[in-house]
Amino acid sequence: MDILLRSATVVDPLSPFHLQQKDIFISGGVITSVADSYNGDLPETIVAVPDLCVSPGWIDSFANLCDPGFEFRETLESGAEAAAAGGFTNVFVLPHTNPVLQNKSSCAYVLQKSLHLPVSFQPIGAVTENTAGKELTEMYDMESSGAVAFSDGTNSIQSSGIMLKALQYVKAINKLIIQLPDDTSIHTHGLMNEGVVSTGLGLPGKPAIAEELMIARDLELLAYTGSRLHITGISTAKGVEAIRKAKHAGLSVTCAVTPFHLLFCDEDLSAYDTNLKVNPPLRTAADRQALQDAVIDGTVDCIATHHSPHNADHKVVEFEYAKEGMIGLQTCFAAVRKALPQLDASGLVAVLSSNTARIFGIAQNTVAEKSVASLSLFSMHMEWTFQPEDNLSRSKNSPFFGTTFTGKPLGIINKDKLFLNQL
């Protein structure tokens with residue numbers, strides 16, 4: 001397939017054309033020409049969009065795609081379409097499937113189906129059997145079969161002994177553990193952040209200390225083992241500060257934040273919108289500000305969507321009974337752009353692409369001649385409104401329908417395929 005990108009601004013610090021406007025010609029999935037003006041034979045496919053930007057492909061490190069076992073919520077096919085529309089070329093798939101992604105064959109299933117899709121899926125292998133937190137899985141076998149990292153996903157590993165063994169195990173195979181920090185023994189039935197707002201709304205709260213204690217414990221275990229740890233979904237100011245200090249102390253710890261924790265806070269729950277019921281819960285405005293500052297100063301390494309599809313039966317119910325999570329693949333870039341308008345294109349590409357690739361050892365090709373074309377296309381300034389008819393996920397649990405954004409993902413070029421959003 002031949003594709004010409006007209007007057008595209010290259011956003012790639014490793015490229016000799018960084019922040020330059022170029023015509024980029026792609027043939028057979030490889031960049032063959034980067035020039036001020038392309039004068040060769042014109043292909044049938046030409047992408048010429050005002051404010052077109054191109055960068056190495058974006059990577060989402062934490063998404064629940066529900067396949068196999070829960071295809072009524074999402075499939076790898078529908079997830080690939082939503083991811084491509086959101087500008088992602090790579091997505092790490094959580095193990096919360098049926099059966100759980102906990103052996104060689106389940107990892108092979110994800111990788112095999114991914115071969116024929118526009119987006120590259122990498123399985124995250126379960127740390128414990130059935131993500132129950134009791135017995136370790138055969139992580140070595142999964143690593144040799146393509147697992148990119150190991151996590152019990154939204155089931156935070158509660159046992160210190162199990163977490164210690166897991167950190168020691170992955171050190172030997174040069175992988176890392178992804179942990180969502182949550183001490184589930186503290187206010188197990190909390191529905192939102194514990195504080196003034198939860199009291200006013202009459203909802204039981206989940207205190208920030210449930211997250212902060214788990215972060216503190218895991219950092220101590222990390223220091224003891226000398227392994228690698230990635231903490232995802234951080235939501236509190238104290239949690240951010242603990243990670244910042246650990247980094248300064250030389251620990252091999254990285255972290256991710258979600259777009260919705262950057263954009264919303266507990267005050268936004270006044271209408272009891274179940275789409276804003278998430279885990280970790282939305283915290284205070286002060287916590288949100290601390291997260292935003294941490295992205296700007298580099299303490300937060302990357303953005304993870306925490307894409308979590310749910311059908312209407314689990315969301316169009318009373319707040320108490322609603323499942324936690326929202327979809328977010330298509331709106332991630334725009335939500336981060338809305339939350340952090342001061343973050344320039346280079347900063348956005350760092351937290352959506354290059355930092356994630358570095359942490360997880362994903363090979364990335366630069367925007368240069370003879371490089372394989374695995375690219376994200378986006379506009380920093382295009383205004384658009386996310387409508388229900390734009391949604392490509394099988395589920396509709398998004399708080400963003402009807403929201404107008406500045407900055408839009410335009411699509412991807414990956415595996416010699418072009419996926420372009422309607423403009």
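Structure's up top.
Residues numbered from 1 in each chain as written. Predicted model: local features only at pLDDT ≥ 70, side-chain atom pairs only at ≥ 80, totals over all residues. Heavy atoms only, no water.

Colleague: Sorry, what's going on with the packing of helix α6 (residues 209-225) against helix α7 (residues 237-248) here?
Modeller: The axes of two packed helices give the description: the angle between them and the distance between them. Relative orientation of the contacting elements α6 and α7 amounts to 15°, with a least axis distance of 9 Å. Judged by the angle between their axes, α6 and α7 are roughly parallel. As α6 runs across α7, the sense of the crossing is right-handed. Every residue of α7 that contacts α6 at Glu212, Ile215 and Leu219 is listed here: Lys238, Gly239, Ala242, Ile243 and Ala246. By residue class, the composition of the contact of α6 with α7 is five nonpolar, one polar and two charged. (Axes fitted to C-alpha atoms, helices over the stretch in contact; angles between N-to-C directions. Helix = DSSP H or I, 4+ residues; strand = E, 2+ residues; numbered from the N terminus. Parallel < 35°, antiparallel > 145°, perpendicular 65-115°, else oblique. Left-handed = near helix turned anticlockwise from the far one by under 90°. Contact = heavy atoms within 4.5 Å. Nonpolar A, V, L, I, M, F, W, Y, C, P; charged D, E, K, R; others polar.)

Colleague: Explain the pairing of strand β1 (residues 2-10) to me, please; I cannot follow it from the model alone.
Modeller: When a strand is regular, its side chains alternate between the sheet's two faces. Here β1 pairs with strand β2 (residues 21-27) via six bridges, running antiparallel. The residue of β2 that forms the bridge with Ile3 is Ile26. Of the pairings in the sheet, the one linking β1 to strand β4 (residues 45-47) comprises three bridges and is parallel in character. Looking at the pairing, Leu5 lines up with Val47 of β4. (Pairing = 2+ DSSP bridges.)

Colleague: Explain the layout of surface pockets to me, please; I cannot follow it from the model alone.
Modeller: Picture a little ball the size of a water molecule; that probe, rolled over the atoms, points out where space is still empty. Roughly 960 Å³ of volume is contained in the largest pocket. Contributing to the lining of the largest pocket are 41 residues, with Thr154, Asn155, Asn279, Lys323 and Glu324 lying nearest its centre. Counted as a void, the second largest pocket has a volume near 270 Å³. Forming the walls of the second largest pocket are 13 residues, and the residues nearest its centre are Gln330, Asp390, Lys408, Asn421 and Gln422. Considered class by class, the residues forming the lining of the second largest pocket number six nonpolar, four polar and three charged. (1 Å grid on protein atoms, 1.4 Å probe; cavity = no way out; pocket = protein on both sides within 12 Å on 5 of 7 lines; lining within 4 Å. Points joined across faces, edges and corners; volume = space filled by probe spheres on them.)

Colleague: Help me understand the pattern of salt bridges, please; the structure alone is not making it clear to me.
Modeller: Between side chains of opposite charge, a pair can form when the charged atoms approach closely. Throughout the structure, instances matching the rule amount to 11 salt bridges. Note that Asp23 is salt-bridged to Arg6, the shortest N-O span being 2.6 Å. Of this pair, Asp23 sits in strand β2 while Arg6 sits in strand β1, placing them 17 residues apart in sequence. In this structure Asp23 comes out as buried when scored by relative accessible area, which is 3%. Given the relative accessible area of 24%, Arg6 is considered partly exposed. Note that Asp218 is salt-bridged to Arg217, the shortest N-O span being 2.7 Å. The burial state of Asp218 is the same as that of Arg217; both residues are buried. Through salt bridges with shared partners, one network takes in Asp67, Glu77 and Lys113. (Salt bridge = Lys/Arg side-chain N within 4 Å of Asp/Glu carboxyl O. Buried < 20%, exposed > 50% of the residue type's maximum accessible area, 1.4 Å probe, protein only.)

Colleague: Would you explain the environment of His116 in this entry?
Modeller: Secondary-structure assignment places His116 in the loop between α2 (104-114) and β8 (120-125). Sequence separation between His116 and Glu77 is 39 residues, and the spatial gap between their C-alpha atoms is 9.4 Å.

Colleague: What is the right way to read the side chain of Thr97 from this model?
Modeller: In this fold, Thr97 is placed in the loop between β7 (88-93) and α2. With a relative accessible area of 5%, Thr97 lands in the buried category. Among residues more than four places away in sequence, those in contact with Thr97 are Cys66, Asp67, Pro68 and Phe70.

Colleague: Hey, could you run me through the packing of aromatic side chains in this one?
Modeller: The geometry of an aromatic ring pair is captured by two quantities: the separation of the ring centres and the angle between the planes. With the rule as written, the count across this model stands at 11 aromatic pairs. Plain terms: the ring middles of Trp58 and Phe333 are 5.1 Å apart, the flat faces sit at 25° to each other, and that makes the pair stacked. Within this pair, whereas Trp58 is found in strand β6 (residues 58-63), its partner Phe333 is found in helix α10 (residues 332-339), the two being separated by 275 residues in sequence. Their ring planes at 75° and their centres at 5.0 Å tell us that Phe92 and Phe360 sit as a pair that is edge-to-face. Taken together, the residues Phe92 in strand β7 and Phe360 in helix α11 (residues 345-360) connect sequence positions 268 residues apart. Phe360 matches Phe92 in its accessibility class, with the two residues each being buried. Site record: aromatic cluster; members linked through ring pairs are Phe264, Trp384, Phe386, Phe400, Phe401 and Phe405. A cation sits over an aromatic face here: Arg73 above Phe70, 5.5 Å from the ring centre. Positioned above the aromatic ring of Phe319, the side-chain terminus of Lys277 is 5.6 Å from the ring centre. (Phe/Tyr/Trp six-rings, centres within 6.5 Å; stacked < 30°, edge-to-face > 60°. Lys NZ or Arg CZ within 6 Å of the ring centre and 35° of its normal.)

Colleague: What's the story with the side chain of Thr299 in this structure? I'm lost.
Modeller: For Thr299, the position within the fold is in the loop between α9 (285-297) and β15 (302-303). Judged by relative accessible area, which is 6%, Thr299 ranks as buried. The contacts of Thr299, once residues within four sequence positions are left out, are Val240, Arg244, Lys247, Cys255 and Ala294.

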